[in-house]
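Residues per chain are reported as follows:
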Amino acid sequence: MPATPIAVVTGASSGIGAATARTLAAAGFRVVLTARRKDRIEALAAEITEAGHEATAYALDVTDRAAVDEFATAFRSLALLVNNAGGALGADPVATGDPADWRQMYETNVIGTLNVTQALLPALTVSGDGTIVILSSTAALSSYEGGGGYVAAKHGEHVLAETLRLEIVGTPVRVIEVAPGMVKTDEFATTRFRGDTEKAAKVYAGVDAPLTAEDVADTIGWAVTRPSHVNIDLLVVRPRAQASNTKVHRTL
């Protein structure tokens, strides 16, 4: 009997990461949940296990290279890596943006993705049929005012995916980039505005049905379960009410 394929999901403590872990577990993967918040991923692993699927939790900061390398030693072979860990901080213009925010976003979104991808690429290759998913954003493809630091980081993540795909062509590993637009989750906007729930709510004000974490997870689940020879290079997913990063239909 073939072994159950293993999927690693970073940033699995909430939002898209948690929804993706549930989706992949239901699709037959043994999911390994990573995030800094150990209690969150342990609770999610218990939930998935109680539902009859396979899941384990591993507390991990993707920006800590030594910790990532230690984590990677657990895998001889790996079917799937979902690089979801990341996020945004602030919405200041370039002229007044905090360099510390820019640095943290770059470290988490780009260097974190680089760390985990480099550490797990050998196991993905050994599997003979590996897949890497990089969760970027529509911010990776076009800019908007007040988003300079996040846009710069996500552009970096997009180029990482694009370059890696060129460099490993001919190996048995796919590189898939999923770029969501407006997704309403419990934490993304609140974290961006440092707990200011009023500012966070304005992001989605008047928008009829922004995407949910489950919508994005469903998209990821579809992409990674295509036949092995099919590579979804880049998949942009937005709610119907959003035509671009700066064109959103609102009913106020």
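The structure reproduced in this document is the subject of the present report.

Thresholds, definitions, all that
- Residues numbered from 1 in each chain as written.
- Predicted model: local features only at pLDDT ≥ 70, side-chain atom pairs only at ≥ 80, totals over all residues.
- Heavy atoms only, no water.
- Helix = DSSP H or I, 4+ residues; strand = E, 2+ residues; numbered from the N terminus.
- Rg over C-alpha atoms; globule rule 2.2 N^0.38 Å.
- Buried < 20%, exposed > 50% of the residue type's maximum accessible area, 1.4 Å probe, protein only.
- Contact = heavy atoms within 4.5 Å.
- Areas by Shrake-Rupley, 256 points an atom, 1.4 Å probe, with all protein chains shown as cover.
- Lys, Arg positive; Asp, Glu negative; His and termini not counted.
- Charge placed at Lys NZ, Arg CZ, Asp CG, Glu CD.
- 1 Å grid on protein atoms, 1.4 Å probe; cavity = no way out; pocket = protein on both sides within 12 Å on 5 of 7 lines; lining within 4 Å.
- Points joined across faces, edges and corners; volume = space filled by probe spheres on them.
- Nonpolar A, V, L, I, M, F, W, Y, C, P; charged D, E, K, R; others polar.
- Axes fitted to C-alpha atoms, helices over the stretch in contact; angles between N-to-C directions.
- Parallel < 35°, antiparallel > 145°, perpendicular 65-115°, else oblique.
- Left-handed = near helix turned anticlockwise from the far one by under 90°.
- Polar contact = N/O pair within 3.5 Å; in protein donor to acceptor, adjacent residues only side chain to side chain.
- Patch = residues over 30% accessible without salt bridge, like charges linked within 9 Å, V, L, I, M, F, W, Y side chains within 5 Å.
- Salt bridge = Lys/Arg side-chain N within 4 Å of Asp/Glu carboxyl O.

1. Thoughts on the overall build of the chain
What the chain contains, in helices and strands, is 8 helices and 7 strands. Computed over its C-alpha atoms, the radius of gyration of the chain comes to 18 Å, within 12% of the 18 Å expected for a compact globule of 252 residues. Seen through its principal axes, the chain has C-alpha atoms that stretch 55 × 40 × 35 Å. Relative to its full complement of 252 residues, the chain shows a buried share of 48%. In the chain, 72% of the contacts between residues at least 6 apart in sequence involve partners at least 24 apart. Counting every atom, the chain has about 12100 Å² of accessible surface; 54% of that belongs to carbon and sulfur. For the chain, the distance from the average site of its 22 positive side-chain charges to the average site of its 28 negative ones is 3 Å.

2. Quick look at the layout of surface pockets
Space inside the second largest pocket adds up to approximately 270 Å³. Together, 15 residues line the second largest pocket, and Pro5, Ile6, Leu78, Ala79 and Asp129 are the ones closest to its centre. Among the residues making up the lining of the second largest pocket, the classes are represented as 8 nonpolar, 5 polar and 2 charged.

3. Brief notes about the packing of helix H1 (residues 15-26) against helix H8 (residues 213-224)
Between H1 and H8, the least distance of the axes is 8 Å, while the angle of their chain directions is 45°. The orientation of H1 with respect to H8, classified from their angle, is oblique. The hand of the H1/H8 crossing is right-handed. On the side of H1, the interface is formed by Gly15, Ile16, Ala19, Thr20, Thr23 and Leu24, while H8 contributes Ala213, Glu214, Val216, Ala217, Asp218, Ile220, Gly221 and Val224. Class assignment of the residues belonging to the contact of H1 with H8 gives a composition of 8 nonpolar, 4 polar and 2 charged.

4. Focus on the side chain of Asn84
Assignment of secondary structure puts Asn84 in the loop between strand S4 (80-83) and helix H4 (99-126). Exposure remark for Asn84: the relative accessible area of 15% places this residue in the buried category. At 3.0 Å, the side chain of Asn84 and the backbone oxygen of Gly11 are in polar contact. Discounting residues that sit within four places of it in the chain, Asn84 has contacts with Thr10, Gly11, Ile16, Gly17 and Leu135.

5. Remarks on a nonpolar patch on the surface
A cluster of nonpolar side chains, namely Leu141, Leu234 and Val236, defines an oily patch on the protein surface of about 210 Å² accessible area. Mapped onto the elements of the fold, Leu141 is located in the loop between strand S5 (130-135) and helix H5 (148-168).

That's the geometry; what it means functionally is another story.
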